[in-house]
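# Summary of the model geometry
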Amino acid sequence: MKSIKHALLAAAVGAAAALPLTVLGQAAAAGSSAAKPAADEMTEAEVRKVDKDNKKITLKHGAIRNLDMPPMTMVFGVSDAALLDKVKEGDKVRFSATGEGGKYTVTELQPAK
Ligand SMILES: [Cu+2]
């Protein structure tokens, strides 16, 4: 009996260790948005449309891991309209987004090189 318990415990520990680890090395430019570690991972995208008046941006984005979203083109809101000053249509960018309450919002946006 004791050995079975042990085997179960070992399996549980193994499963925990197999959880995906956050990719490090992209945290350097963090700065202003320290609050949400889940959004730190940035996704590559191409800007399709910038709508400053409505604080919206259309992105053709790659897979967004923290939102479990496949690559697609879609409209995002932005947490701060100033984010849109840095980019224009056709730019390659990197961004972070949250999906709280079914609303997708870009919280970080920067030109990709
Ligand atoms: Cu999407």
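Basis of the calculations
- Residues numbered from 1 in each chain as written.
- Predicted model: local features only at pLDDT ≥ 70, side-chain atom pairs only at ≥ 80, totals over all residues.
- Core = buried A, V, L, I, M, F, W, Y, C linked by C-beta atoms within 7 Å.
- Buried ≥ 20, exposed ≤ 12 C-beta atoms within 10 Å, placed from the backbone.
- Helix = DSSP H or I, 4+ residues; strand = E, 2+ residues; numbered from the N terminus.
- Contact = placed C-beta atoms within 7 Å.
- Pairing = 2+ DSSP bridges.

## Brief notes about the nonpolar core
Within the largest apolar cluster, 15 residues are counted, with the highest numbers of intra-cluster contacts made by I57, L59, F76, V93, F95, V106 and L109. At 3 residues, the largest contribution of residues to this core is made by strand β4 (residues 92–98). The residues contacting L109, other than those within four sequence positions of it, are L83, K86, V87, V93 and F95.

## Concerning the environment of V78
Here V78 shows up in strand β3 (residues 72–78). When the C-alpha positions of V78 and E108 are compared, they lie 8.4 Å apart, and in sequence the two are 30 residues distant. Discounting chain neighbours no more than four positions away, the residues touching V78 are K55, K56, I57, L83, L84, T105 and V106.

## With respect to the pairing of β4
A regular strand places its side chains on the two faces of the sheet in alternate fashion. Here strand β1 (residues 43–51) pairs with β4 via 4 bridges, running antiparallel. When the bridges of β4 are listed, A45 appears paired with V93. When β4 meets strand β5 (residues 105–111), the two strands line up antiparallel, connected through 6 bridges. By the bridge assignment for β5, F95 is matched with L109. Once β4 ends, the chain turns through 6 residues before running back antiparallel as β5, passing G101 with a positive phi of about 65 degrees.

## Some details on the pairing of β1
Two strands pair when backbone bridges link them, and β1 and strand β2 (residues 56–61) are joined in this way by 6 bridges, in the antiparallel orientation. Across the sheet, K49 pairs through a bridge with T58, a residue of β2.

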